[in-house]
Amino acid sequence: MKTPLLILIAGPYRSGTDGDPELIARNLERLEEAAAPIHRRGHVPMIGEWVALPVLRGMDETDDTEGDVMYETARRLLQHCDAVLRLPGESAGADKDVEIALERGLPVYRSLEEIPV
């Protein structure tokens, strides 16, 4: 059995929502729709918000929140990922995820079908 890849699913989360919680939730649903197909292909799906949102909930005014926790969490997470699936849609964060992945020499997939089985 080959070793499963840890694949970061990158795409719009806050982009295009103007802060509307319903639109943000829909964007997260779109990201999560890619999780089961990645699992079916034998890999481990990961979404940065799954990690960053609990971090944000645990922070208070005494925490140094210099910079964006979401971007910083994704940057740290990418040090452990093996690949990125970039979903369609404008997103500065997802574009940065791709940039970091390419700097690390990781594959960046643009569709589920590109992910090896």
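Residues numbered from 1 in each chain as written. Predicted model: local features only at pLDDT ≥ 70, side-chain atom pairs only at ≥ 80, totals over all residues. Heavy atoms only, no water.

(A) Representation of the pattern of salt bridges. Inspection of every chain in the model, using the stated rule, returns seven salt bridges. In this structure, arginine 14 engages aspartate 68 in a salt bridge whose closest nitrogen and oxygen atoms are separated by 2.9 Å. Here the residue arginine 14 occupies a position in the loop between strand 1 (6–10) and helix 1 (21–33), and aspartate 68 occupies one in the loop between helix 3 (48–58) and helix 4 (69–77), the gap between them amounting to 54 residues. Through salt bridges with shared partners, a single ionic network connects Arg26, Glu29 and Glu33. (Salt bridge = Lys/Arg side-chain N within 4 Å of Asp/Glu carboxyl O. Helix = DSSP H or I, 4+ residues; strand = E, 2+ residues; numbered from the N terminus.)

(B) Structural detail: the layout of surface pockets. Size it by volume and the largest pocket reaches roughly 250 Å³. Taken together, 19 residues line the largest pocket, and the ones lying closest to its centre are Tyr13, Glu49, Tyr71, Gly93 and Ala94. Elements represented by at least two residues in the lining of the largest pocket include exactly strand 1, helix 3, helix 4 and helix 5 (92–103). If one sorts the elements of the lining of the largest pocket by residue count, helix 5 sits on top with four residues. A class-by-class count of the residues in the lining of the largest pocket yields 11 nonpolar, five polar and three charged. (1 Å grid on protein atoms, 1.4 Å probe; cavity = no way out; pocket = protein on both sides within 12 Å on 5 of 7 lines; lining within 4 Å. Points joined across faces, edges and corners; volume = space filled by probe spheres on them. Nonpolar A, V, L, I, M, F, W, Y, C, P; charged D, E, K, R; others polar.)

(C) Seen up close, helix 5. With 12 residues, helix 5 should cover 16 Å at 1.5 Å per step; its first-to-last C-alpha distance of 16 Å lies within 8% of that length. Phi turns positive, to about 80 degrees, at glycine 105, one or two residues after helix 5. (Expected span 1.5 Å × (residues − 1).)

(D) Quick peek at the sheet that holds strand 2 (residues 44–46). Spatially, the four strands line up as an open sheet ordered 2-1-3-4, and their pairing is parallel. Strand pairing shows two members of the sheet lacking a second neighbour, strand 2 and strand 4 (108–109), which therefore form its edges. As paired strands, strand 3 (residues 83–86) and strand 4 are joined by two bridges and run parallel to one another. The partner of leucine 85 across the bridge, within strand 4, is tyrosine 109. Along the sheet, helix 5 makes contact with strand 1, strand 3 and strand 4, crossing strand 3 at roughly 150 degrees. (Pairing = 2+ DSSP bridges. Contact = heavy atoms within 4.5 Å. Axes fitted to C-alpha atoms, helices over the stretch in contact; angles between N-to-C directions.)

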